[in-house]
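Here is what each chain is made of, one letter per residue.
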Amino acid sequence: MTDNDTPAQAYLGVSSSITGRPWRGPTAAEDRAAEALVQSTRLPLPVARVLAHRGIAPDEAESFLNPTLRDLLPDPQTLRDMGKAAERILKAVAAGERIAIFADYDVDGATSGALLHLWLRDMGREATLYVPDRIDEGYGPNEPAMAALAKDHSLIVCVDCGTLSHGPIAAAKGADVVVLDHHLGGETLPPAHAVVNPNRQDESGDLGHLCAAGVVFLALVEANRQLRAAGKAGPDLMGLLDLVALGTVADVAPLTGVNRAFVRQGLAVMARRERLGLRALSDVARMDSAPAAYHLGFLLGPRVNAGGRIGKADLGLRLLTATDPHEAGAIAARLDRLNDERRELENQVRDAALALAELRGLEGPLVWAAGEGWHPGVVGIVASRLKEATNRPAIVIGFDGDEGKGSGRSVSGVDLGASIQRLAAEGLLLKGGGHKMAAGLTVARDKLDAAMARLADLLTRQGAGAGGPRRPRCPRHHRRSRRLRRPHRPARGHQPLDPRAAVMALRAALHAPDATATDCGGLRTACVTTASAHTVATSSRMIRTDCRATAHHAPMRKLP
């Protein structure tokens, strides 16, 4: 540690981690709290230091280290409309009504839909499953689908969606709609029979960390409780915790409170390999050890997601509810192939998005990129990569015609969903919503720049970017930015980048000999700017951005 360093700036002579995060040692208050934990709990000092840093009091240490549902499961009735929702579902079961489940196309939606479907199956009712197509229908309920379902069903349960779907829920004429969701609510609620959501505006927020699978599980707990009050037995819920754990981890819900118990006990259930779909998926993912949170987030979750991203939207939900081992194996193999295709699409979009974001600058409160034809199924993953690489909230948008569909990811302490929802209310977005750490949006091409500028302003007010940018890492290999500052190793058949030669090639490509040209540095790119376009060349590809708003890959060519 140098004379100019302070304990807040460096610890053990290190000022930042390998990913660029500030490296800080424990404060005096944390040292005292750790000593108190050691004396009260007899825990080892290193464990006590970790707990103290997380703000865990001595009387909370046991439940934090050994979380159980007995200690941490909240009363479902603390959520508004919960009793009403469970009562309506039980009424439909008792009366033999036709029930439809409208689920989102991601892992949280698939696990939420599977939870409710399997519970209803145990109750002797087979529900209709409906998952919207990401590209053709977009996120959440839509009016044609809801109207069609309402013709044949008297109850529609929307899981992991519906809180902002005023029009589509109103279109479900003749049917009651129950919403079990966790996305940020608006000032008004849709005309549903019940809206259960810990992130409603009129909720306390104490359970705001729940994902939709957690909300659905609490609804089933309440339904079973009402059954017991009527002298009846409900289905076993403990065997469903593997689905709750998968949804919680894959949706990046914070592992605090009851979420810790969901994941811990859900992993124990998953280790028994009793669910056909998860067993088949574990096999194709080549899991050779007991399941852990890593496996849920990086092996199983992405494969369940793959169907909704670039394949058939209901594949993940069908896998999780499969009863035939051959069907489960076939769906798992298909999802594995789709996940490989998703990786390829992600790599293409990620490279282009990082190049455009770096040209725009990584010093501001928001990192964003927009491109022509970028697949909407991978923009969320690419946004996550940009967020991880820059320590900034990130937005990635794919345009098709005059509309762009995008996704965003945030950093700790910055509520992206609320800001996106505000942009939609101000008319800068056609549609938008989400939660603190992730959001989706639809934007008109002519409002893109204004929307991103306004979003950057809103995020600045929340402190985004105040900690300084993390060193950007190589998007493909996650190496540190000093390697980015050297020219990338060229693809086979390509020569290393010579900026001056690249400029000549770009001028020829643009047919604009009077264009200005610069070597942008950073990614070691050469740029040519004209009145209507900004073109970037790297050692192995060319990217053209029209009006600095959209981009597409030009054919790869060998630069002189």
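A brief report on the enclosed structure follows. Small disclaimer: the values here were computed from a predicted structure and weren't measured.

1. A few points about the overall build of the protein
What the protein contains, in helices and strands, is 20 helices and 15 strands. Considering the protein as a whole, with its 560 residues, one finds that 53% of them fall into the buried category. Residue pairs in contact within the protein that sit at least 24 positions apart in sequence constitute 60% of those at least 6 positions apart.

2. Things to note about the nonpolar core
Trp119, Leu120, Val157 and Leu180 are the most contacted members of the largest nonpolar core, which totals 82 residues. Core analysis: the next-biggest nonpolar cluster, separate from the first, contains 24 residues, Trp368, Val414, Leu448 and Leu459 among them.

3. So, the packing of aromatic side chains
Tallied over the full model, the rule gives three aromatic pairs. Between Phe217 and Phe262 the ring centres are 5.4 Å apart and the planes differ by 75°, which places this aromatic pair in the edge-to-face class. In this pair, Phe217 is assigned in helix α9 (residues 212-229) and Phe262 in helix α11 (residues 258-270), connecting sequence segments 45 residues apart. We classify Phe217 as buried; its relative accessible area is 3%.

4. Brief notes about a negative patch on the surface
A surface patch of like charges, here negative, comprises Asp400, Asp402, Glu403 and Asp446. Along the chain, the position of Asp400 falls in strand β7 (residues 394-400). Judged by relative accessible area, Asp400 falls into the exposed class, the value being 68%.

5. A closer look at α11
Since the α-helix advances by 3.6 residues per turn, residues separated by three or four positions end up pointing in the same direction. With 13 residues, α11 should reach 18 Å at 1.5 Å per residue; the first-to-last C-alpha distance of 18 Å fits that figure. Summarising burial for α11: 10 of the 13 residues are buried, a large majority.

6. Examining the packing of helix α6 (residues 107-122) against α9
The relative placement of two packed helices is expressed as an angle between their axes plus a distance between the axes. Here α6 crosses α9 at 15°, and the two axes come no closer than 8 Å. Relative to α9, the element α6 lies roughly parallel. The interaxial crossing formed by α6 with α9 has right-handed handedness. Residues Asp108, Thr111, Ser112, Leu115, Leu116 and Trp119 of α6 touch α9, and the partners they reach there are Ala212, Ala213, Val216, Leu220, Ala223, Asn224 and Leu227. Counted by class, the contact of α6 with α9 contains nine nonpolar, three polar and one charged residues.

7. Here's the deal with the environment of Val378
Position of Val378 among the secondary structure elements: in the loop between β6 (367-372) and α16 (379-390). Residue classification places Val378 among the buried residues on the basis of a relative accessible area of 0%.

8. Description of the pairing of β6
Of all six residues that make up β6, five are buried, and the element is covered over most of its length. Judged from the six bridges that link them, β6 and β7 form a sheet pairing that is parallel. Residue Val367 lies in a different strand from β7, and its bridge partner there is Ala394. The β-α-β motif built from β6, the intervening α16 and the parallel element β7 has right-handed crossover chirality.

9. Overview of the packing of α6 against helix α10 (residues 241-250)
Remark: α6 packs on α10, axes separated minimally by 8 Å, with the N-to-C direction vectors making an angle of 160°. Classified by the angle their axes make, α6 and α10 are roughly antiparallel. Crossing hand, α6 versus α10: left-handed. Here Val107, Asp108, Thr111, Ala114, Leu115 and Leu118 of α6 come into contact with α10, specifically with Leu243, Val244, Leu246, Gly247 and Ala250. A breakdown of the residues in the contact of α6 with α10 according to their chemical character gives eight nonpolar, two polar and one charged.

10. With respect to helix α17 (residues 416-425)
Among the residues of α17, those classed as buried are Leu416, Gly417, Ser419, Ile420, Gln421 and Leu423. Lining the buried residues of α17 we find β7, β8 (403-409), β9 (431-434), β10 (438-444) and α18 (448-461). Capping of α17 at its N-terminal end is provided by Asp415; its side-chain oxygen lies 3.3 Å from the backbone amide nitrogen of Gly417. Once α17 finishes, Gly427 follows within two positions and takes phi at roughly 85°, a positive value.

11. Considerations on the environment of Thr460
Turning to its location among the elements, Thr460 is positioned in helix α18. Separated by 46 residues in the primary sequence, Thr460 and Val414 have C-alpha atoms spaced 9.2 Å apart.

12. Overview of the pattern of salt bridges
Going through the model one piece at a time under the given rule, you end up with 24 salt bridges. Measuring nitrogen to oxygen at the nearest pair gives 2.8 Å for the salt bridge that ties Arg303 to Asp336. Of this pair, Arg303 sits in helix α13 (residues 293-310) while Asp336 sits in helix α15 (residues 325-360), and the two are 33 residues apart along the sequence. As far as the burial class goes, Arg303 and Asp336 line up, both buried. For Arg318, the salt bridge is made with Asp314, and the minimal N-O distance between the two is 4.0 Å. Taking relative accessible area as the criterion, Arg318 reaches 29% and is therefore assigned partly exposed. Three or more residues joined by partner-sharing salt bridges are found here, namely Arg422, Glu426, Arg454, Asp457 and Arg461.

13. A few points about the sheet that holds β6
Spatially, β6-β7-β8-β10-β9 is the arrangement adopted by the five strands of the open sheet, whose pairing is mixed. For this open sheet the edge positions go to β6 and β9, each flanked by a neighbour on one side alone. Strand-to-strand twist in this sheet, taken as the mean axis angle between neighbours without regard to direction, amounts to 15°. The sheet contacts of α16 involve β6, β7 and β8, and relative to β8 the element is tilted by about 45°. Across the face of the sheet, α17 comes into contact with β7, β8, β9 and β10 while running at roughly 160° to β9.

14. Some words on the sheet that holds strand β5 (residues 194-196)
Within a sheet, each strand pairs with its neighbour through backbone hydrogen bonds, oriented either parallel or antiparallel. Pairing is parallel across the open sheet formed by five strands, whose spatial order is β2-β1-β3-β4-β5. Edge positions in the sheet fall to β2 (128-130) and β5, since each of these pairs with one other strand and no more. The average undirected angle you get between the axes of adjacent strands in this sheet is 15°. Sheet topology note: the strand β4 (residues 176-180)/β5 ladder contains three bridges and is parallel. Residue pairing in the sheet places Val178 in a bridge with Ala194 of β5.

Conventions we followed
- Residues numbered from 1 in each chain as written.
- Predicted model: local features only at pLDDT ≥ 70, side-chain atom pairs only at ≥ 80, totals over all residues.
- Heavy atoms only, no water.
- Helix = DSSP H or I, 4+ residues; strand = E, 2+ residues; numbered from the N terminus.
- Buried < 20%, exposed > 50% of the residue type's maximum accessible area, 1.4 Å probe, protein only.
- Contact = heavy atoms within 4.5 Å.
- Core = buried A, V, L, I, M, F, W, Y, C linked by side-chain atoms within 4.5 Å.
- Phe/Tyr/Trp six-rings, centres within 6.5 Å; stacked < 30°, edge-to-face > 60°.
- Patch = residues over 30% accessible without salt bridge, like charges linked within 9 Å, V, L, I, M, F, W, Y side chains within 5 Å.
- Areas by Shrake-Rupley, 256 points an atom, 1.4 Å probe, with all protein chains shown as cover.
- Salt bridge = Lys/Arg side-chain N within 4 Å of Asp/Glu carboxyl O.
- Lys, Arg positive; Asp, Glu negative; His and termini not counted.
- Charge placed at Lys NZ, Arg CZ, Asp CG, Glu CD.
- Expected span 1.5 Å × (residues − 1).
- Axes fitted to C-alpha atoms, helices over the stretch in contact; angles between N-to-C directions.
- Parallel < 35°, antiparallel > 145°, perpendicular 65-115°, else oblique.
- Left-handed = near helix turned anticlockwise from the far one by under 90°.
- Nonpolar A, V, L, I, M, F, W, Y, C, P; charged D, E, K, R; others polar.
- Pairing = 2+ DSSP bridges.
- Right-handed = clockwise from strand over helix to strand, strands pointing away.
- Polar contact = N/O pair within 3.5 Å; in protein donor to acceptor, adjacent residues only side chain to side chain.

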